[in-house]
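Here are the chains, one letter per residue:
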Amino acid sequence: MPSRASSAALASPPPLEIARWCARLGWPVHPLAAGRKTPAGNCPACKDEAHTSADCQCPARGRWCHGFHAATLDPALIDAWWGSRPDFGVGVSCGPAGLVVIDVDAHPKPVPVRARLLPGITIADTVNLEGLANGFHTLALLAALRGAPDPALDEQTLRVRTPSGGLHIWYRSPGTGWLSSAGSSTGRALAWQVDIRAHGGYIVAPGTITDTGIYQPVGACRTPAPLPQWLAAELARTGHLPSSQPPAPTPAVPSRARQAVLAAGGTDRPAERALATVLAAVADCGRVPQGAAFTDTLNRAAFTVGGLVAGGYLDADQARQRLLETAVHARPGQVRRCEQIIRAGMSAGLARPLHPGGRR
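Owing to the predicted nature of the structure, the values given are computational and were not obtained by experimental measurement. (Residues numbered from 1 in each chain as written. Predicted model: local features only at pLDDT ≥ 70, side-chain atom pairs only at ≥ 80, totals over all residues. Heavy atoms only, no water.)

### Considerations on the overall build of the protein chain
Which entries qualify depends on this criterion: Strands are runs of DSSP state E lasting at least 2 residues, helices are runs of H or I lasting at least 4, and numbering of each runs from the N terminus. For every residue, the accessible area obtained with a 1.4 Å probe (protein chains only) is divided by the maximum for its type, and the residue is called buried under 20%, exposed over 50%, and partly exposed between those limits. Here, residues are in contact when the closest pair of their heavy atoms is within 4.5 Å. What sets the accessible areas is the Shrake-Rupley method with a 1.4 Å probe; for residues, cover comes only from the shown protein chains.
The helix and strand tally for the protein chain stands at twelve helices and 13 strands. Per-residue burial over the protein chain gives 48% buried out of 360 residues. A separation threshold of at least 6 residues defines the contact pool for the protein chain, and within that pool the share at least 24 residues apart is 72%. Split by element, the accessible area of the protein chain, about 17,200 Å² in all, is 54% carbon and sulfur.

Here's what the structure looks like:
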């Protein structure tokens, strides 16, 4: 019976063709060890001498060495490297290529507590996480919280299924200098089992075959789309932006899908439905930078929330936090103003208890 690698080879171009294709797209390439997803080993001199990639003379002499540091667009080098070693795989240096790749894993690992699923984001206890098991689920949850499409389902960009069942979602963002998740002392990640491959890292090229299988493109698209703005904001928030770069703008329009998640959409609790309605009204103000009666809308929402708290239907701290988070997303940089409006509105509402069917 043929091996997985030999079977995949029948449906994949030779590595030299893959490397040439990547180079034509402006993606510098470097060899991967035969049958593996790791860079090909250094030459004997580099193995014996302890030195950094900056001190190494191999690239200047036309040798592959130090992984993505030796990545090249030179057709002569590409032909020489993969012509002499057709068993090598193909790696792409993400930073020089202007690529940001979302690396989604599906490893069978114990699910951490909800506070560790999305770094820096509090997931309300009302959000049902039953069935969450891997990076596909945490990425989908993050997208829902931001009112955005799930990148794993983005048919307008290059997506590559990995042999382990994960997914690489390719986007382009030249000139920004996004950082990879790997190599950070802070352990930055986009989500649990979701990492970023960018500057300071590499990604396995589509069509590359390892001993465990093929990196198989999904769908018809073979080129990366521009990095969505909401993902750029999440990368900045999670520490993937160099300190010299200004932070990307935070998405100002958390849509009704976001509110449905925050308020456990579909719940049969009338108070939760009432809360979801006022949160959605505040979120909709983010569609217009000004002239959307934001102050009045937020004040009415806070008044309603205060009444529901007084009626015993909502927890005061959780409701206030959810309202503040929604307001700040609608008006980034106005935290103090939002807090003042919410404080005044809720104080007035607390004096008039509200039942989901109306005040009595």
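### Describing the nonpolar core
Basically, it comes down to this: Nine residue types can take part in a nonpolar core, namely buried Ala, Val, Leu, Ile, Met, Phe, Trp, Tyr and Cys, and a core is a set of them joined through side-chain atoms within 4.5 Å.
Formed by 37 residues in total, the largest nonpolar core has its most connected members in Ile102, Leu118, Leu141, Ile169, Trp178, Leu190 and Leu227. Of all the secondary-structure elements, those providing two or more residues to this core are strand S3 (99-104), helix H6 (135-145), strand S5 (167-172), strand S6 (194-197) and helix H7 (229-237). The element best represented in this core is H6, accounting for six residues. Look past the residues within four positions of Leu227 in its chain and what remains in contact with it is Val100, Tyr171, Arg172, Ser173, Trp178, Ala232 and Leu235. In this structure, Ala40, Trp82, Leu158 and Val160 belong to the second largest nonpolar core, which totals 28 residues.

### Describing unusual backbone geometry
Of note in the backbone geometry, Gln193 takes a positive phi value of approximately 65 degrees without being a glycine. Here Gln193 shows up in the loop between S5 and S6. With a relative accessible area of 9%, Gln193 lands in the buried category.

### Notes on the sheet that holds strand S2 (residues 89-93)
To keep things clear, this is the line we draw: Think of it this way: DSSP has to see at least two bridges between two strands before they count as a pair. Each axis is a line fitted through C-alpha atoms, taken for helices only over the stretch in contact, and angles between the N-to-C directions span 0 to 180 degrees.
The strand order S1-S2-S7 describes an open sheet built from three strands, whose pairing is antiparallel. The open sheet has two edge strands with one neighbour each: strand S1 (29-32) and strand S7 (202-204). The average angle at which neighbouring strand axes cross in this sheet is 35 degrees, direction not considered. Note: S1 against S2, four bridges, orientation antiparallel.

### Here's the deal with the pattern of salt bridges
Heads up, the condition is: By salt bridge we mean one thing: a side-chain nitrogen of Lys or Arg within 4 Å of a carboxyl oxygen of Asp or Glu.
Counting across every chain of the model gives six salt bridges. Its salt-bridge partner being Asp79, residue Arg20 comes within 2.9 Å of it at the nearest N-O pair. Linking Arg20 in helix H2 (residues 15-24) with Asp79 in helix H4 (residues 75-84), this pair joins segments that are 59 residues apart in sequence. Using a relative accessible area of 36% as the deciding quantity, one classes Arg20 as partly exposed. Linking Arg197 and Asp103 is a salt bridge whose minimum nitrogen-to-oxygen distance equals 2.9 Å. Here Asp103 lies in strand S3 and Arg197 lies in strand S6, a separation of 94 residues in the sequence. When salt bridges with common partners are traced through the structure, they connect Arg146, Glu234 and Arg237 into a single cluster.

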